[in-house]
Amino acid sequence: MASSGHSDLGEVTSEIKASERRTAVAIADLEWREMEGDDCEFHYGEGPNEAQDNDFPIVLSKCCPRYVSKFGKPSNGHRTGKEERSRLQEMLFLLGLETYQTQKLSLQDALQISSDSMKNWAPQTPKDLPWNFLRKLQALNAEARNTTMVLDLPLDTRPVEKESQMEEEIIYWDTAEDISADIYSFSELPTPDTPVNPLDLLCALLLSSDSFLQQEIVSKMSLCQFALPLILPDPENHYHTFLLWAMRGTVRTWGSQPPRVMGSFREDSMVLSRAPAFAFVRMEVSSNSKSQLLNDVLSPGHRQQDCFWHRDLNLGTNPREIADGLVEISWFLPSGREDLDIFPEPMAFLNLRGDIGSHWLQFKLLTEISSAIFILTDNISKKEYKLLSSMKGSATKYYFILSPYRGKRNTNLRFLNRLIPVLKMDHSHVLVKVSSTDSVGFVRRVRAIITHVTRSPCRRVSVEDMANAARKLGLKVDEDCEECQRAKDRMEQITRKIKDLDAYRRDELRLQGETWRKVAQVEKELCQIQWASDPPEKYRAELRHRLLELRMQQNDHDPSWGVQEFISGISSPSLGEKQYFLKWMEWGLARVAQPRPRPSPEMIFTLRPKHCGAVDFSEPFWPEPLGVEHFLREMGQFYEAESCLVEAGKLPAGQRRFAHFPGLALELLLKGLPLELIDGNTLSPALRWVTGLLKELHVRLERRSRLVVLSALGVPGTGKSTLLNTMFGLRFVTGRGRGPRGAFMQLIKVAESFSQDLGCDHILVIDSGGLIAGVRTEAGERFEREASLATLIMGLSNVTVVSLAETRNIPPAILHAFLRLEKTGHMPNYQFVHQNLHDVSALGSKPRDRRQLLDQPSDVGRATVQMEKQGDGIQTLADLAFWDPEKQHIWHIPGLWHGVPPMAAVNLAYSEAIFELKRCLLENIRNGLSNQNKNIQQLIELVRRL
């Protein structure tokens, strides 16, 4: 994919006045109406000739010659604004989303834990559909778009339709009634299929969500390999929205040819990367499914991939109500293997839902951003000719895919011959596909055309380029709101000054230098002395004096300009602007560093140790990049230094400048940002900072302060962060060539209706950096730091998930933590997870593997036991705690991908296994199998003690 640079679209105005935008929409509408007035042979729009979502003609209702929608309203050509408005509102009411039109649905609303989180339930009414979709999407379930309802309600609770609304009755005789009952008293039996088209559900949910939930929905859809919404139609006032902000979080990785070497993989934002774009549209009626054709083009021969929803899928034939005009986008991304890749470079594919005549503005945009457009239609008449003639002079290449009616051959040829000079085509631009056409050969031909277009000079565009073209045409861009733009401006002011990362850290993040490392070392020694049986008081006093001097050096500094700007950004009185700013900072800081090549998965697996001590992963592949956490860490150090001086009586409490910092950071935690609990460089907690955060949390939550702490530890690269994100919808860092360093925490709200049953009000989830699994790390400072990290995290936890690379390869730091915690009697409920990163056929935990892990002492286990001088009594993991092999203490999780990334489909078995693990964890919490749940005050004391 081409790097960010000069756009092939040219310069476009970034902002257009509202009046100009309305004029552009009016002109596009007028152009279409002028064409429509010339020829009444066919009626465009939503009359009986229009194919729906799946590009094939609708079967009309028996009771009416016109198409009758699910709402019982005849579609008589173009609808009026009032009819459109009521149709949208009725769809929202049907789905239970009408209350979210003023106060939008937020990400926190979607992620809270409820009783449904423990049920593998199926929707029973249309109001269940949005929540079912969000739950499955969060879990990366490949069947998230399947919105079929399962009707297992009692008979007397089933809805009864009014007689006037019954189109084609399905008669139901209630056998529970007395035999003497009136046999003519019928009620309609609800069908198991929901009346809602999946694309209508998606549009309704996006229209009801705030910008940040929209972004999360699109990001998860990308992971599931679903086509993404690019232009969201507005059926009420036709003020369609280009979803640039919603697409911002979409980051993908792809390979390059020739075969992989170090650096042949690239990871980048799909919003910024440029690629050739190919649009597929329908003109009037087409017997061929355009969405199915797109899927065939994108799928390798041995496996069908349904990126775009189409008519052959479940509920694909249901007519659309509000999704006409939706434009979707998907990408082909190469793996770097010639035997697998359909195309040698990344390419974008766009799909317009509905007829181009009814959605002229969207079609005009596609003509300006696409390298080529494939037009599917059955016939070309005078009206179609006039429509396409308006594209004269377009640089885009046009191809026709025809499925002509009998007797229309001569008419088609006549108008095609007239279009050839207008659109600069030749006869190779016309393809015919009928029922007898070889589908495989036809798809091969379409791919060959696409490849040919990319080999010649063609435009390459990014999503940002597309948004600029959309603005010029009068389309609304979601990113253009004032809050978002103010936040972006502030981010750019900060990142513009970052020329060299090392220099910026040294000059702007002054409290994270050598003084900070000395502070961490002194505090570690003080902690060790605290637990000594006979601590030397003189040495303790020397350490405290040295610590005070170091803290005074830190306190002499003022926050740098960049840190002050960051603090101003997160102090904004506007909650929306604050959230926009954090997102912009994440992306802006990620773009500051030069893009680094990523090693291929094969190289990572080659480097991963197959035997203890084969490779030392103590150092990452690349230096730690700059992130939001570094600015928050700087705030924490200012707070730590000031608090230390106040405690020592060296600074009056009334002169504090940074006492409000924990409150600012807490706001971010409550909105879903992971906060650093233990920094990744020194692997030591900022005790006063963390305590200040927890105190603020206690004040903010008031009566709802009961906590359960759930943590994850394990070997690097075993997918534990992805596991937590999939399980709970969290935002821990993944896929950036590095896992988290140290430990980060996120807070999940438990619904009030479920908190009493679960026994807690919130779940605090802690994700730790990878712990090295080789014996070479057992000696030395790094192992001591890792062992302390594991002990602290497991000591704070009620439930701990340990992620393993191989069933016998348990990090020695974790065994060390088990030994320490067993002495104290504080042992969390633990679940061992082995994720098979290669094999997707394994579908469950294996009792044989469980027994092997329990009964066979590993080399690292023996080494750790010797280090602790506990060799007499402990030889296996089973000796460390109470084990019951029949209980689900050890889980085997299948691989996430079914195939070779980046075009691999999500493995359904992965999602199902993660759900079962989640249900087990919540069941253990509810049944009290974990440590006693804590309130925040108890957690504060535990942090200090550990």
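Residues numbered from 1 in each chain as written. Predicted model: local features only at pLDDT ≥ 70, side-chain atom pairs only at ≥ 80, totals over all residues. Heavy atoms only, no water.

**Section: the packing of aromatic side chains**
In total, this model carries 23 aromatic pairs according to the counting rule given. Their ring planes at 25° and their centres at 5.1 Å tell us that Phe566 and Phe631 sit as a pair that is stacked. In this pair, Phe566 is assigned in helix α18 (residues 561–570) and Phe631 in helix α21 (residues 628–647), connecting sequence segments 65 residues apart. One exposure class covers both Phe566 and Phe631, and it is buried. By the ring-pair criterion, three or more aromatic residues cluster together here, those being Phe212, Trp245, Tyr580, Trp584 and Trp587. Sitting over the face of the ring of Phe226, Arg145 holds its NZ or CZ atom 3.9 Å from the ring centroid. The ring of Trp561 carries Lys497 above its face, with NZ or CZ at 5.2 Å from the centroid. (Phe/Tyr/Trp six-rings, centres within 6.5 Å; stacked < 30°, edge-to-face > 60°. Helix = DSSP H or I, 4+ residues; strand = E, 2+ residues; numbered from the N terminus. Buried < 20%, exposed > 50% of the residue type's maximum accessible area, 1.4 Å probe, protein only. Lys NZ or Arg CZ within 6 Å of the ring centre and 35° of its normal.)

**Things to note about the nonpolar core**
Core analysis: the biggest nonpolar cluster contains 154 residues, and Ile217, Phe242, Phe349, Leu350, Phe400 and Ile763 have the highest contact counts within it. Every residue in contact with Phe349, bar those within four places of it in the chain, is listed here: Phe278, Phe280, Leu294, Val297, Leu298, Phe308, Glu328, Ile329, Ser330, Phe332, Phe343 and Ile450. Within the second largest apolar cluster, 79 residues are counted, among which are Tyr504, Tyr639, Leu675 and Phe818. (Core = buried A, V, L, I, M, F, W, Y, C linked by side-chain atoms within 4.5 Å. Contact = heavy atoms within 4.5 Å.)

**Topic: the environment of Pro625**
Relative to the elements of secondary structure, Pro625 occurs in the loop between α20 (601–607) and α21. Put simply, Pro625 and Leu589 are 36 residues apart on the chain and 8.3 Å apart in space, counted from C-alpha to C-alpha.

**Some words on the side chain of Gln214**
Tracing the backbone shows Gln214 in helix α6 (residues 211–223). Polar contacts involving the side chain of Gln214 include one to the main-chain carbonyl oxygen of Leu206, which spans 2.7 Å. What Gln214 contacts, discounting residues up to four positions off in sequence, is Leu206, Ser209, Leu243, Ala246 and Asp478. (Polar contact = N/O pair within 3.5 Å; in protein donor to acceptor, adjacent residues only side chain to side chain.)

**Observations concerning the UniProt feature "coiled-coil region" (unreviewed entry) in the chain**
Summarizing the sequence annotation, UniProt attributes the feature "coiled-coil region" (unreviewed entry) to residues 477–504 in the numbering used throughout. Annotation note: span residues 477–504, helix share 64%, strand share 4%, distance between end C-alpha atoms 34 Å. (UniProt positions renumbered as here; feature names shortened; annotations may be inferred.)

**Section: the packing of helix α17 (residues 537–555) against α21**
The geometry of α17 relative to α21 is characterised by a closest axis approach of 9 Å and an angle of 125° between their N-to-C directions. Considered as vectors, α17 and α21 are oriented oblique to each other. In the packing of α17 onto α21, the handedness of the crossing is left-handed. Across the interface between the two elements, Leu548, Arg551, Met552, Gln554 and Asn555 of α17 pack against Gln637, Phe638, Glu640, Ala641, Glu642, Cys644 and Leu645 of α21. (Axes fitted to C-alpha atoms, helices over the stretch in contact; angles between N-to-C directions. Parallel < 35°, antiparallel > 145°, perpendicular 65-115°, else oblique. Left-handed = near helix turned anticlockwise from the far one by under 90°.)

**Considering the sheet that holds strand β7 (residues 277–282)**
Taken in spatial order, the 9 strands line up as β12-β11-β10-β7-β9-β8-β3-β4-β13 in an open sheet, and their pairing is mixed. A single partner strand is all that each edge strand has here, and the edge strands are β12 (430–432) and β13 (476–477). As judged from the 3 bridges shared by strand β3 (residues 228–232) and strand β8 (residues 327–332), these two strands associate in the antiparallel manner. Residue pairing across strands places Pro229 opposite Glu328, the latter belonging to β8. (Pairing = 2+ DSSP bridges.)

**Section: the pairing of strand β18 (residues 799–804)**
Of all 6 residues in β18, 6 are buried; the element is thus mostly enclosed. Because side chains alternate across β18, one face comprises the buried residues Val799, Val801 and Ser803, and the other comprises Thr800, Val802 and Leu804, equally buried. Sheet topology note: the strand β15 (residues 706–714)/β18 ladder contains 5 bridges and is parallel. Note on β18: the bridge partner recorded for Ala712 is Val801. Alignment of β18 against strand β19 (residues 829–835), held across 6 bridges, turns out to be parallel. Paired with Ser803 across the strands is Val833, a residue of β19.

**Considering the pairing of β7**
Of all 6 residues that make up β7, 6 are buried, and the element is covered over most of its length. A two-sided burial pattern is seen for β7, the buried positions comprising Ala277, Ala279 and Val281 on one face and Phe278, Phe280 and Arg282 on the other. Note: β7 against strand β9 (residues 347–355), 5 bridges, orientation parallel. Bridging from a neighbouring strand, Ala279 pairs with Leu350 of β9. Bridge count between β7 and strand β10 (residues 372–377): 5 bridges; the pairing is parallel. Each bridged residue has a counterpart across the sheet, and for Ala279 the counterpart in β10 is Ile373.

**A closer look at helix α12 (residues 439–455)**
End to end, α12 covers 25 Å across 17 residues, agreeing with the expected 24 Å (1.5 Å per residue, within 8%). Among all positions in α12, only Phe442, Val443, Val446, Arg447, Ile449, Ile450, Thr451, Val453 and Thr454 are buried. In this fold, the buried residues of α12 make contact with β7, α8 (290–298), β9, β10, β11 (397–402) and β12. (Expected span 1.5 Å × (residues − 1).)

**Description of empty space enclosed by the protein**
To find leftover empty space, a probe the size of one water molecule is rolled over the atoms. Within the structure shown, the criterion is met by 10 cavities of 30 Å³ or more. In this model, the largest cavity occupies a volume close to 220 Å³. Those elements giving two or more residues to the lining of the largest cavity turn out to be α16 (514–530), α21, β14 (675–678) and α23 (687–701). Taken together, the residues of the lining of the largest cavity sort by class into 11 nonpolar, 4 polar and 7 charged. (1 Å grid on protein atoms, 1.4 Å probe; cavity = no way out; pocket = protein on both sides within 12 Å on 5 of 7 lines; lining within 4 Å. Points joined across faces, edges and corners; volume = space filled by probe spheres on them. Nonpolar A, V, L, I, M, F, W, Y, C, P; charged D, E, K, R; others polar.)

**Comments concerning the packing of α21 against helix α22 (residues 661–670)**
Where α21 contacts α22, the two axes come as close as 10 Å, and the packing angle between them is 150°. Relative to α22, the element α21 is oriented roughly antiparallel. Judged by the twist between their axes, the crossing of α21 over α22 is left-handed. In this structure, α21 contributes Leu632, Met635, Phe638 and Tyr639 to the contact, and α22 contributes Phe661, Pro662, Leu664 and Leu668. Here the residues of the contact of α21 with α22 sort into 8 nonpolar, no polar and no charged.

**Overview of the side chain of Ser797**
Checked against the element boundaries, Ser797 lands in the loop between α26 (781–796) and β18. Of the residues examined, Ser797 reaches a relative accessible area of 0% and is grouped as buried. For Ser797, the side chain forms a polar contact with the main-chain oxygen of Ile793, separated by 2.5 Å.

**Topic: unusual backbone geometry**
With an omega of 10°, the peptide bond between Pro901 and Pro902 qualifies as cis. Structurally, the position occupied by Pro902 is in the loop between β21 (897–898) and β22 (905–906). For Leu140, which is not glycine, the phi dihedral falls at a positive 55°. Summarising the element assignment, Leu140 is placed in the loop between α4 (129–138) and β1 (171–172). Leu140 sits in the buried class, given a relative accessible area of 3%. For Lys424, which is not glycine, the phi dihedral falls at a positive 55°. Structurally, Lys424 can be placed in the loop between α11 (409–422) and β12. Classification of Lys424 by relative accessible area gives exposed; the value is 66%.

**Focus: the confidence of the model for the chain**
When pLDDT is averaged along the chain, the result is 78, and 72% of the positions lie at 70 or above. Every residue in residues 153–192 scores below 50 in pLDDT, and together they form 33 contacts with partners more than four places removed in sequence or on other chains. Considering only residues more than four positions removed or in separate chains, one finds that residues 599–622, a stretch of pLDDT under 50, has 48 contacts. (pLDDT = per-residue confidence, 0-100.)

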